[in-house]
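# Examining the three-dimensional arrangement
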Amino acid sequence: MTHIDAGAELDPVHPIPLPAPARPSGLTAAEVAERIARGQVNDVPVRSSRSFGEIVRANVFTRFNAIIGVLWVIMLVVAPIQDSLFGFVILANTGIGIVQEWRAKKTLDSLAVIGEARPTVRRDGAAVAVGTSEIVLDDLIEVGPGDKIVVDGVCAEADGLEIDESLLTGEADPVVKHRSDQVMSGSFVVAGGGAFAATRVGREAYAAQLAEEASRFTLVHSELRTGISTILKYVTWMMVPAAIGLVATQLVVKNNGLKDAVARTVGGIVPMVPEGLVLLTSVAFAIGVIRLGRQQCLVQELPAIEGLARVDTVCLDKTGTLTEGGMDVTELRSLDGVDETYVRKVLGSLGESDPRPNASLQAIIDAYPDSEDWRCVESLPFSSARKYSGATFSEGDGELSTWLLGAPDVLLADGTPALAETVRLNEQGLRVLLLARATRDLDHAKVAEGARPTALVVLEQRLRPDAADTLRYFADQEVRAKVISGDNAVSVGAVAAKLGLSGTTVDARRLPAEPGEMAEALDEGTVFGRVTPQQKRDMVGALQSRGHTVAMTGDGVNDVLALKDADIGVSMGSGSEATRAVAQIVLLNNSFATLPSVVAEGRRVIGNITRVATLFLVKTVYSVLLAVLVVCWRVEYPFLPRHLTLLSTLTIGIPAFFLALAPNKERARPHFVRRVMRYSIPGGVLAGVATFVTYLLARHYYTGPGSLDAETSAATLTLFLISMWVLAIIARPYTWWRVALVVSMGVAFVFVLAVPALQSFFALKLVGVVMPWTAVGIAVVGSALLEFSWRWVERRFPDQDSAAPPRGLGAHAAEPH
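It should be emphasised that the depicted structure is a prediction, and the values quoted were computed from it without experimental measurement.

## Focus: empty space enclosed by the protein
- Applying the stated criterion to the full structure yields four cavities of 30 Å³ or more.
- One number sums up the size of the second largest cavity: a volume of about 50 Å³.
- For the second largest cavity, the full set of lining residues is L615, V618, K619, Y622, T651, I652, S723 and V726.
- Among the elements of the structure, α21 (595-633), α22 (641-660) and α24 (707-730) are those that each provide at least two residues to the lining of the second largest cavity.
- A class-by-class count of the residues in the lining of the second largest cavity yields five nonpolar, two polar and one charged.

## With respect to the packing of aromatic side chains
- Taken as a whole and judged by the stated rule, the model has 15 aromatic pairs.
- Their ring planes at 80° and their centres at 5.2 Å tell us that W72 and F88 sit as a pair that is edge-to-face. Of this pair, W72 sits in helix α3 (residues 63-78) while F88 sits in helix α4 (residues 85-115), and the two are 16 residues apart along the sequence.
- Assessed through its relative accessible area of 39%, F88 is described here as partly exposed.
- Taken together, the aromatic side chains of Y342, W374, F393 and W403 make up a single cluster linked through ring pairs.

## Observations concerning the environment of D336
- Within the element layout of this structure, D336 appears in the loop between β11 (323-334) and α11 (340-353).
- When the C-alpha positions of D336 and T454 are compared, they lie 6.9 Å apart, and in sequence the two are 118 residues distant.

## What about α11?
- Its 14 residues give α11 an end-to-end C-alpha distance of 20 Å, which sits within 8% of 20 Å, the value for a rise of 1.5 Å per residue.
- Restricting attention to buried positions, one finds in α11 the residues V343, V346, L347, G348, S349, L350, G351 and S353.

## Points about the pairing of strand β3 (residues 126-129)
- Of the pairings in the sheet, the one linking strand β2 (residues 120-123) to β3 comprises four bridges and is antiparallel in character. Directly across from R123, in β3, lies its bridge partner A126.
- The hairpin turn running from β2 into β3, its antiparallel successor, is two residues long, and D124 in that turn takes a positive phi close to 55°.

## Some thoughts on the pattern of salt bridges
- Counted according to the given criterion, the structure contains 31 salt bridges.
- In this structure, the salt-bridge partner of E711 is R699, at a minimum N-O distance of 3.8 Å. Of this pair, E711 sits in helix α24 while R699 sits in helix α23 (residues 672-701), and the two are twelve residues apart along the sequence.
- On the basis of relative accessible area, E711 is assigned to the buried category, the value being 4%.
- For R699, a relative accessible area of 26% corresponds to the partly exposed category.

## Overview of the nonpolar core
- Counting 126 residues, the largest nonpolar core has L308, I585 and F592 as the members making the most contacts within it.
- With 18 residues, α21 is the single largest residue contributor to this core.
- Apart from residues no more than four positions distant in its own chain, L308 is found in contact with A551, I568, I585, L595, V598 and V599.
- Counting residues in each nonpolar core, the second largest holds 26 residues, with C315, A508, V557 and A562 among its members.

## A few points about unusual backbone geometry
- Omega for the bond connecting R732 with P733 falls within 30 degrees of zero, at -10°, which places this linkage in the cis form.
- Following the sequence through the fold, P733 ends up in the loop between α24 and α25 (736-754).
- Positive phi is not limited to glycine here, since S180 has a value of about 80°.
- For S180, the location among the structural elements is in the loop between β6 (175-176) and β7 (182-183).
- With a phi angle near 60°, E478 is a residue other than glycine that sits in the positive phi range.
- When you line up the elements, E478 lands in the loop between α15 (467-476) and β17 (480-484).

## Looking at a negative patch on the surface
- Residues E352, E372, D373 and D397 make up a contiguous surface patch of negative charge.
- Mapped onto the elements, E352 comes out in helix α11.
- Take E352: its relative accessible area is 42%, and that puts it in the partly exposed class.

## Section: the sheet that holds strand β9 (residues 297-299)
- Spatially, β9-β22-β21-β20-β10-β17-β19-β18 is the arrangement adopted by the eight strands of the open sheet, whose pairing is mixed. Bordering the open sheet on either side are β9 and β18 (504-507), each of which pairs with just one other strand. For this sheet, the mean inter-axis angle between neighbouring strands, taken without regard to orientation, is 20°.
- Pairing between β17 and strand β19 (residues 525-529): two bridges, direction parallel. Pairing of I484 across the sheet is with F528, part of β19.
- Against the sheet, helix α17 (residues 515-524) engages β17, β18 and β19, with an angle of about 110° to β19.

## A short note on the confidence of the model for the chain
- Per-residue confidence for the chain gives a mean pLDDT of 81; residues scoring 70 or more make up 89%.
- Within the chain, strand β1 (residues 2-3) has the poorest average pLDDT of any element, 46, and α25 the best, 95.
- Here residues 210-219 is a poorly scored stretch, pLDDT under 50, and it has 17 contacts once near neighbours within four places are set aside; other chains count.
- Counted against residues more than four places away or in other chains, residues 801-817, with its pLDDT under 50, gives 53 contacts.

Rules used throughout
- Position labels on residues start from 1 in each chain and follow its written sequence.
- Given that this is a predicted model, residues contribute local features only at a pLDDT of at least 70 and side-chain atom pairs are listed and counted only at 80 or more, while totals for whole chains, interfaces and linings are drawn from all residues.
- Only hydrogens and water are set aside when side-chain values are computed; all heavy atoms of the structure are taken into account.
- Using a 1 Å grid laid over the protein atoms alone, points where a 1.4 Å probe fits but cannot get out form a cavity; open sets with protein on both sides within 12 Å along at least 5 of 7 lines form a pocket; any residue with an atom within 4 Å of a point counts as lining.
- Grid points are joined across faces, edges and corners, and a volume is the space filled by probe spheres set on the points.
- Each helix is a run of H or I in the DSSP string that is no shorter than four residues. Each strand is a run of E no shorter than two, and both are numbered from the N terminus.
- Each residue is assigned to one of three groups, with Ala, Val, Leu, Ile, Met, Phe, Trp, Tyr, Cys and Pro labelled nonpolar, Asp, Glu, Lys and Arg labelled charged, and all others, Gly among them, labelled polar.
- In summary, the pairing rule links any two rings of Phe, Tyr or Trp, Trp by its six-membered ring, whose centres are within 6.5 Å, and it sorts them by plane angle into stacked for under 30 degrees, edge-to-face for over 60 and tilted for everything else.
- Each residue is placed in one exposure class: buried if its accessible area under a 1.4 Å probe, protein chains only, is under 20% of its type's maximum, exposed if it is over 50%, and partly exposed if it falls in between.
- Expected helix span is given by 1.5 Å per residue-to-residue step, counting one fewer step than there are residues.
- Each pair of strands is called paired provided DSSP finds at least two bridges between the two strands.
- Between Lys or Arg on one side and Asp or Glu on the other, a salt bridge is scored when a side-chain nitrogen of the former is within 4 Å of a carboxyl oxygen of the latter.
- Residues belong to one nonpolar core when they are buried, are Ala, Val, Leu, Ile, Met, Phe, Trp, Tyr or Cys, and are joined through side-chain atoms within 4.5 Å.
- Whether two residues are in contact is decided by their heavy atoms, any of which lying within 4.5 Å being enough.
- What goes into a patch is any residue over 30% in relative accessible area without a salt bridge, connected to like charges within 9 Å or, for nonpolar side chains (Val, Leu, Ile, Met, Phe, Trp, Tyr), within 5 Å.
- Per-residue and other accessible areas were derived by the Shrake-Rupley procedure at a 1.4 Å probe size, with only the shown protein chains allowed to occlude residues.
- The charge count includes Lys and Arg as positive and Asp and Glu as negative, but it does not include His or the ends of the chains.
- By convention, charge coordinates are those of NZ in Lys, CZ in Arg, CG in Asp, or CD in Glu.
- Here an angle of 0 to 180 degrees is reported between the N-to-C directions of two axes, which are lines fitted to C-alpha atoms, with helices fitted over the stretch in contact.
- Confidence of the predictor at the level of single residues is given by pLDDT, which spans 0 to 100.

So this is what it looks like as C-alpha cells:
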C-alpha cells in the first residue's frame, strides 16, 4: 500500500493526491562534524547523581565535622591518644559515607545510561538513534507518540502531529503542529508523528533555561531529610549555651589543671553531637540505591525510595503494568453481512497506514497482511483522548473510503446490538475494537457521528505472570490498589478479577467532576475504565486531597500528567520517553514485580533510621542535661572523651549500623521529628538524671587520691546499663541476631572492665563493692522508669494514622526474619 501525506499537493485533474516532495535527508556526516567543531552540540549535562567532588564536600565539610574537628585537634595537643579516639571515629564515618555514596553514584550512572533516551535523527538520508548529547544544530529529529522533544526546533514534517506542552505551559489540551510550527523542548508527542529541525540546542534550548527543568517535575519531598535537618538545628541551639556553661565551670570555677579541665570540657561537648546520624542516613539511602540497582531499578531521585515507603494507594495503569504490551487477535466478527475478506483488506490497510502502531494495531498488522492496491490518502493517528484512529483510502478501483478503528462504546450509540455484543466479550476480559465506515471527511470535527459499524476485532491481552503476586503483596501491606485505564471498564474489571483484585468497577465517564465527590467515588471504587489523560491527573489530585500518599505507575504517553502529579511516579523502562522523564523511579526490566522490592527497601530505610535516630538523640539529650547539671552543681564533668567514645561505640555506633541495614517491612508513618523526640527526650532525661545521681553519691562516698576516677567509673556503669536498656527496647521485636547483638555489646563492656590493660587505657576501674552495686541499683530503677515512660508515651501520644506503637519502641508485632 502507498501512503500519501495529508499535506501532499493535489493534481487538478485526478482526485487522488500526488506524492509529496521527497523527504529531507538530514545533515551529512561532514556537516555534523563541522557543527561539533563549532560547539553547536546539545551539551546540557544530564547527571543522575552528585559528582565525586560534591560527594566529598558534602561528607567532609559539615557543621558538626567542623565542631568535632576543632575539638579533636585540641585533644591531640592536651590529652592522651585514647581521649582523641572520637576523632578517628569521625574520619572512619566520613570515609564510609564517601565510599558508599560513590558506589551508589556509579550504580545510578550505569543505570541512567541504560535508561537514557536515544532520539532518532536523520543523517545522510538514514534514521539513526543517538544520545541526546550527540544532537547538533540543524539535526532533523524524528518523533512519534510518547517521544519527548529534547531540543527546540521547527516542524519539518507533520502527520497528524499533536504535542502536549502542559509540562511547560500548564495547558492540558494537545497542540496540533503543522510544517514550520515551533516545537519546544520539554514537551512531548501524544499522537501522530513527524520530524523537526533543531534550532536551539544545549543551554539555549527552552527547557535548559528553566531551573534544572524544574517545570517538568517537582522534587520528591523527603520528610526524613527535612526532619533530621530540623533535629540538628535544635541540637545546635542546645549545644551552644551548654558548652559555654561547661567551659566556664571546668576552667574557672573548679580551678582544675588546664589539660584535665580542657579534656573534661571536650568530653562534655563531643557527645552532644549526633555525628553518626547523618552518616547512617546517607549510607542507608546509598545501600538502598545499590540494592535496587541490582534489580534494574533506576531511582532518579533518592528520596523516592522514602516516598514509596509512605505510599498507601497505588494507581495502576492496566496496559503494560498488569498486562504485557503485546496482544493477539482471537476473532473477527463481521457486522451487517459485510464480506470478511473485504474487512481483512481494510484492517490490513489501516495497520499499514500508521508508521508508529500501538499494541492493538500491531496485533492487527500481525494478523492481516497489507493490501498492495490500496493507497492511504489521509490518516488520523490514535489519541488517548478520542479513543480511535482512522484513515482515508483510495481502493483498487479508485473509490475513496474513510474508516475508523477504536472503542465501540465511544463510536457506537447506546442500545446498538454491536455494543451489547461488545459488553459480553468485555466481561470475559477480552478487548474489542470496532471497525466503522465513516460518512464524513476525516478532518471533520465530528467524523465519528453516523459511522456505520462494519466489524468487531476481538483481542486477547497477555497478563503479566507476576502481576497477581504483586497485587497480593500490596494487599498484605495495606496498600490499596486502584486500576485506572483508558480501556473499557468491564474489560478492565474482568482482567483485574483474573488477577485476584476484587472491588467495584466504575466507568470514569460517569465520575463526578467536583473534586470532593470524585474523591469519595475513588475511595469506594477499585477499577476505573474509560479514563482520559486529564481525568487520571484529576483522580490523583482527588486521592491526595483525602490525605492519601499516591504512587502512579504507567508506561504510555497518556500517563504522563498523572505521573507528574503523583507523590511517586513509576515508569516502565520500555515506556515512552516522556513517562521516563517525569517518573522518579524507572523499572528498567519492565517488571511490575520489582515494585515490592522498592517498597520494602523504602520501608527498611525509614523504619530503621527512625530506630537509630532515637538511639543517637537519647545520647544528645543526656549529654546536654549532664552539662547543665554540672554547671548548676559546680562540679567536675564526670567523663573524659574516652569514656563516652566507649559507651557510644557499644550502645550506639555498632548496634546502629546493624539495625539501620536490617529488614523492616512496617509502612512508614508521618511526623518523623515528633515520633523520634517523644522517645528521645524522656529516655535522655532519665539516663542523665540517673547518671548524675550516681555521680553525686560517689562523690560523697569516695575520698582521697584517685577518687575522681572511681566516681567516673561508677557513673559510667550506670550510664552504660541504662543505655543498654535503651538499645534493648529499640531492638524489639527480638530475633536471634538482635538478641546476640545486644548481648555481645554487654559482653564487650564486661571485657573492658575485666582486662587490666583495657582498664588502664579507658581509665575505668570499679572500686569497692558498695558503690558499684549502688550504681547498678540506680540503673535498674532508671531502666524501669524508662520502660514505664515509653509505654506511657505510646498510649498518651499514639501515631495519628495508627493506634499501634512504632515497632521496636515497645511494640510486640512479629517481624519477618
